[in-house]
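Working through the structure, step by step
Below are the chains, spelled out letter by letter.
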Amino acid sequence: MDDFEKAIFFSFDQTGAVDAQLKAQARAYCEQAKQSPTIWQACLEKFRVSQYAEVQFWCLQALEEITRQRYRSLDPQERQFIRSSLLAAMCNYDVDEQKPGSLGSRTTFVKNKLAQIIVILISIDYPSEWPSVFLEMLNHLSKGAVVVDMFCRVLNTLDEEVISLDFLRTSEEIAAATRIKDAMRQQCITQIVGAWYNLAVMYRVQMPYLTCSILETMHRYVAWIDIGLVANDSIVPLLFELLVSQTELSVLRGAAADCLLAIVSKRMETTSKLALLQKLHIGQACSRITETQEPEFALKLTALLTGLATEILECSKKMDFHPNSSQTTAATNAVTLMLDEVLPSVFYFMQHGDEDMSSTTFQFLSNYVARMKSGLECNGKQAAHVAQILEVIRNRMLYDPSSKDSLDGPDKEGQEEEEKLLEFRKDLFGLFRSIHRVAPDITRSFVRSTLLTALGNSETSFENVEAAIALLHLLGERVLEYDMLDEKGLLVEMVRTLLSNTVPCHSHRVVSLSYLETITRFVRYVQLHPEYIPSVLAAFLDCRGLRHPNPSVSSRASYLFMRLVKVLRAQLVPYVEDILQGLESTLSAITSKGSDGKGDADDRCYAYEAAGLLIGMEDIVEEQQLKYVTALLVPLCAQVDAILSCEAYRGDLVGPPGVVINLQQVILAISHMSKGFGEQLITNSRPSIGNLFKQTLDVILRILVIFPKNKVLRSRVISFLHRMVDVLGSAVFPVLPVAIQQLLNDCEPKDLADFILLINQLVNKFKLGMSNILQEVFPAVVGRVLTLLPKDGFPEGSGTNTEEVRELQELHRCFFTFLHVVTSNDLSLVLITPQSRHWLQDISQLILEAACHHKDVLVRKICVQIFTKLISDWCAGSTVEEKVPGFRRFVIERFASECCVYSVLQTSFDLRDANTFSLFGEIVTAQKTLYEKCGEEFWMHLATKLLPAVHCPPNLAEQYCLHIQTSGPKDLKAFYKPFIEKLRPQQNGSLANR
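Residues numbered from 1 in each chain as written. Predicted model: local features only at pLDDT ≥ 70, side-chain atom pairs only at ≥ 80, totals over all residues. Heavy atoms only, no water.

Under an unreviewed UniProt entry, the protein chain has the name Exportin-T and belongs to Marchantia polymorpha. Per UniProt, the protein chain has the following entry under Function (unreviewed entry): "tRNA nucleus export receptor which facilitates tRNA translocation across the nuclear pore complex." UniProt's Sequence similarities (unreviewed entry) comment on the protein chain is quoted here verbatim: "Belongs to the exportin family." (UniProt positions renumbered as here; feature names shortened; annotations may be inferred.)

As structure tokens, this is what we get:
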């Protein structure tokens, strides 16, 4: 080994055995060697004689750089020498695989790099300066398998690097690929295809993997060569022989499938394509392959069958453009026959293959169903095909029987199995829906048969029962009223069957869930047939539903039962007593200590909502209703009272975790229960019920006093207040002052935002009725908001999008919404009470800044609307004393200038954006309101100061002032848009200085 080879070895070292400094010196030496004008000669020689793969690879790397960067500047003789040397390296050197340094002994990465350089030379010099390259390669193929292997590598690399359109190409690369393909078609492609055939036959038995390489190369080139070169009496029989032979290696059979797929997928004129497909008889050949144990071959075979079926379908689609042609009629018959021939195999491999294999057929099956939808009648064999597709869907949607126990838990394995199948079912169900739309009768008949089979045998496995019920559930997605009224219809029969029969494996988790979901989906049928109500209630209230041992089932059953009760509410009056007894243990468990972790807490509380819906009806006698409400609310209030009165928790401002969870559950339970009661019922018709809820509210509000530092409980209490406002109406007023004071204590941005949302609800509901309370609370809210918001705006740039900043930004938005709610409900006087007046300047400046510059256009719109309302409320004619001293001047000189003109003139104010254009309309309305309220003072400011400041031409300014005075909002908006567009070019950056 000489010094040059040592340097290459040191630079390639990955073991750490070479000193870092020595390695750096070696790399520097190698890089310096590359700069020599004659390095290409040294590389060619060293590549030829060296026995070391590292040295060979480095030399090829250097030659690749030279070829890409300096090759075109070399003399013709030098370029010829490089080409002939590399071709000799590929074909002429010793091919003995055992001899060191020979072509046969070279590593794969060296062979691939050699092929890559030869392809670069071909892309530059073929055919003008190197016309014989492919012919020379063909002449050397007789030297043996090593040369054949290199020949395939070169052609594969040529396809990948130059020809294939699977990769994005520049226009120059496309031109080079076209030049090479045209030259090959004229000169050598026929000989190359002939060589592929002869080599495949020669090496089929003794070297099947080399034959695979040959076929892989062939399938890459089929797309752009004459189809007659491969679809002939020599190559096609060979491919079929390899495909169907059980004795061949599966990889070789897969390579044959790839070639056949390339042939059937070749773009051709429709008539020629149809003739080719008829001639091939691929479907007939594949029908002999009844099973395969090799997943990779099965995947390729499925791709071939699907590709063939897709091409047949595409031919059929194109023939629709000539519907009256006798030739078209014959072709249509041929298409039908070919589909009949290939579809059984497609169905077989979809049904028996894995998910990857069957997923390749979804697109074809979807296209096939869509084709039926576009006009083909579903009868005869097509009906049989549809039935087969449905059978495939049913079989592929089944859970793995071996996962029965793990799914029932479910444990980690069961969860993974369920998630995997649910994801896989998305495609299956999409196909099922398409079939149902096209062939509803066939689909319903299939589901009916599946359901009867599953329910007719007590030994039916859980996966088959679940699949049958799931298909019925799927049918119910678009149920029409007519379907439920048609007593002789298949859908009604299936629902009746489900309701009337014992379900095998009903206790299994996935079966229980599927059953409950399906019953809920078809609740309209139960509503029309109340005789089924007892059995449905039993299914929900016993161990199949709310008392199911699995928490996920009982939680989901709570939610579904609530939905069921909503629909059947009036018909359940006779069953209320029984239902409440059946719910008793469930309701008790939800709010008991230690109940956390048993299913989803929110879902379980839907059982309380169901109870509330049942007992909140006016159909129930008042005394009985009071009894029911008392039975539910009093124990919950007592539970809360006991916790809050416990001396052990005194001084603990946050509360123990277990207690906090318990309180959350109680609050949530009462909130859900209250949804069954209307404000009219409990405040007017039956005030005794309302008194119970008011007492409950008093108890819940004590939580804020005992555990004031617990943010979770605080949030729950605010949500509860929202609910009580809807239920109790103005009856909440007595408790509001204390509640508001408690909620404002020591609140952070998120707490304050939640509180503002509550005040917004109160103001929107009670409007002027909130005036006194709002006058008391407004100064405290504004003071806290202005204290929390950053004085210099929000930070920008990387690292500033923190949780704290996001909470402040949300508070910022909520505050503007609050001001908008206050002003739009005619409560703007609260801003100018003696307690609040000193905040007015800060509020006005904050609104103005947001109206001009806030990133959210919708916030800007709200702020403009606030100003418009305040102008309307506070600005009167000039002869009247100002209601708010200084405000009139502020809106004329600041708001009219900065928001209505300057901000609109900014190029970032995109009038093409729908939200921005809506903001633009509000700005126009604000200007019109300014003129109506401020009159000549506003008009004079426009004419003498504002418009000259933005370089508005006098004639344009005169038109604008005239429109302000005489036009309505719609006409003013139509004028103002082109007015702004004409003014923008006049600014020349002056707006930035403002």
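From this point on, the discussion continues.
Looking now at the overall build of the protein chain. Check the secondary structure of the protein chain and you find 49 helices and 0 strands. Computed over C-alpha atoms, the radius of gyration of the protein chain comes to 41 Å, more than 25% over the 30 Å expected from 2.2 N^0.38 for 994 residues, which places it beyond the range of a compact globule. Oriented by its inertia axes, the alpha-carbon framework of the protein chain measures out at about 105 × 85 × 75 Å. Residues counted as buried form 52% of the 994 residues belonging to the protein chain. Considering only intrachain contacts with a sequence separation of at least 6, the fraction spanning at least 24 residues in the protein chain is 73%. (Helix = DSSP H or I, 4+ residues; strand = E, 2+ residues; numbered from the N terminus. Rg over C-alpha atoms; globule rule 2.2 N^0.38 Å. Buried < 20%, exposed > 50% of the residue type's maximum accessible area, 1.4 Å probe, protein only. Contact = heavy atoms within 4.5 Å.)

So, about the side chain of T450. Examined against the element boundaries, T450 turns out to sit in helix 22 (residues 440-455). Relative accessible area serves as the criterion here: at 10%, T450 is assigned to the buried category. In this structure T450 touches R394 and A468, once residues within four positions along its chain are discounted.

This paragraph deals with the pattern of salt bridges. If you walk through the whole model with that rule in mind, you get 48 salt bridges. For D483, the salt bridge is made with R444, and the minimal N-O distance between the two is 3.5 Å. Of this pair, D483 sits in helix 24 (residues 481-485) while R444 sits in helix 22; the two residues are 39 residues apart in sequence, bridging distant segments of the chain. When sorted by exposure, D483 lands in the same class as R444, which is buried. With its nearest N and O atoms 3.0 Å apart, the salt bridge here joins E679 to K765. Of this pair, E679 sits in helix 35 (residues 679-685) while K765 sits in helix 39 (residues 749-766), and the two are 86 residues apart along the sequence. The partly exposed category is assigned to E679, whose relative accessible area is 29%. What makes K765 partly exposed here is its relative accessible area of 34%. One salt-bridge network, held together by shared partners, links R79, R83, D125 and E129. (Salt bridge = Lys/Arg side-chain N within 4 Å of Asp/Glu carboxyl O.)

Attention shifts here to helix 23 (residues 462-475). For helix 23, which comprises 14 residues, the first-to-last C-alpha distance of 20 Å matches the rise-based estimate of 20 Å (1.5 Å per residue) to within 8%. Judged by how many residues are buried, helix 23 sits mostly within the fold: 13 of 14 residues are covered. (Expected span 1.5 Å × (residues − 1).)

The subject of this paragraph is the UniProt feature "domain: Exportin-1/Importin-beta-like" (unreviewed entry) in the protein chain. In the numbering adopted here, UniProt assigns the feature "domain: Exportin-1/Importin-beta-like" (unreviewed entry) to residues 108-260. The span residues 108-260 is 73% helix and 0% strand, and its two end C-alpha atoms sit 28 Å from each other.

Further remarks concern the UniProt feature "domain: Importin N-terminal" (unreviewed entry) in the protein chain. What UniProt calls "domain: Importin N-terminal" (unreviewed entry) maps, in this numbering, to residues 28-90. Taken end to end, residues 28-90 has its terminal C-alpha atoms 30 Å apart, with 79% of it in helix and 0% in strand.

With that settled, consider the packing of aromatic side chains. In this structure the tally under the stated criterion is 26 aromatic pairs. Both rings, one in F733 and one in F766, keep their centres 4.8 Å apart while their planes meet at 75 degrees; by these two values the pair is edge-to-face. Here F733, found in the loop between helix 37 (711-728) and helix 38 (736-744), pairs with F766, found in helix 39; they are 33 residues apart in sequence, far enough to count as distant. On the basis of relative accessible area, F766 is assigned to the buried category, the value being 16%. These aromatic residues form a ring-pair network of at least three members: F909, F917, F920, Y960, F975, Y976 and F979. (Phe/Tyr/Trp six-rings, centres within 6.5 Å; stacked < 30°, edge-to-face > 60°.)

Now for a negative patch on the surface. On the surface, D400, D405, D408, D411, E413, E416 and E419 cluster together into a patch of negative charge. Ranked by residue count, the leading element in the negative patch is helix 21 (residues 412-438), at 3 residues. Within the secondary structure, E419 sits in helix 21. E419 sits in the exposed class, given a relative accessible area of 55%. (Patch = residues over 30% accessible without salt bridge, like charges linked within 9 Å, V, L, I, M, F, W, Y side chains within 5 Å. Areas by Shrake-Rupley, 256 points an atom, 1.4 Å probe, with all protein chains shown as cover. Lys, Arg positive; Asp, Glu negative; His and termini not counted. Charge placed at Lys NZ, Arg CZ, Asp CG, Glu CD.)

Now for the nonpolar core. Ranked by size, the top nonpolar core spans 354 residues in total, and within it I122, F134, M184, L243, F561 and F895 carry the most contacts. When residues in this core are grouped by element, the largest group, 12 residues, is from helix 44 (residues 887-905). For this core, the two domains that each supply at least three residues are domain 1 (227-341) and domain 2 (836-993). With sequence-adjacent residues up to four places away left out, L243 is seen in contact with R253, A256, A257, L260, C286, I289, F297, L301 and L304. (Core = buried A, V, L, I, M, F, W, Y, C linked by side-chain atoms within 4.5 Å. Domains from an automatic or database assignment.)

To continue, consider a nonpolar patch on the surface. Together, Y209, L249 and V251 make up an exposed nonpolar region whose accessible area comes to about 270 Å². With respect to the element layout, Y209 can be found in helix 11 (residues 208-221). Looking at Y209, the relative accessible area reads 55%, which means it is exposed.

Here helix 21 is 27 residues long and its end C-alpha atoms lie 39 Å apart, about the 39 Å a rise of 1.5 Å per residue gives. Of all the bends in helix 21, the greatest, near 30 degrees, is centred on K426. Taking the backbone nitrogen of E413 as reference, a side-chain oxygen 3.2 Å away marks D411 as the first, capping residue of helix 21. (Bend = angle between axes of the 7 residues up to and from the residue. Polar contact = N/O pair within 3.5 Å; in protein donor to acceptor, adjacent residues only side chain to side chain.)

Let us now look at the packing of helix 9 (residues 171-187) against helix 10 (residues 189-203). When two helices pack together, you describe them by how their axes are tilted relative to each other and by the distance separating the axes. Close contact between helix 9 and helix 10 brings their axes to 5 Å; oriented N to C, the two are set at 75 degrees. Between helix 9 and helix 10, the interaxial angle falls into the category roughly perpendicular. Here M184, R185 and Q187 of helix 9 lie close against helix 10, whose contacting residues are I189, Q191 and I192. Residues belonging to the contact of helix 9 with helix 10 are distributed by class as follows: 3 nonpolar, 2 polar and 1 charged. (Axes fitted to C-alpha atoms, helices over the stretch in contact; angles between N-to-C directions. Parallel < 35°, antiparallel > 145°, perpendicular 65-115°, else oblique. Nonpolar A, V, L, I, M, F, W, Y, C, P; charged D, E, K, R; others polar.)

With that out of the way, let us pick up the side chain of Q625. Its location among the elements puts Q625 in helix 33 (residues 622-645). Since its relative accessible area comes to 0%, Q625 is described here as buried. Setting aside chain neighbours within four positions, we find Q625 in contact with I615, G616, M617, I620, F677, L681, R686 and I689.

Looking at where N464 falls in the secondary structure, it is placed in helix 23. Overall, N464 belongs to the partly exposed group, its relative accessible area being 22%. Among residues more than four places away in sequence, those in contact with N464 are R394, L398 and A454. Within the structure, N464 has its side chain in polar contact with the side chain of R394 (distance 2.8 Å).

Following the sequence through the fold, E776 ends up in helix 40 (residues 771-788). It is 8.8 Å that separates the C-alpha atoms of E776 and V830, two residues lying 54 residues apart in sequence.

Here the structure, examined in full by the defined rule, presents 0 disulfides. We note that C259 lacks a disulfide partner, and the nearest cysteine sulfur, in C212, lies 9.9 Å from it. (Disulfide = S-S within 2.5 Å.)

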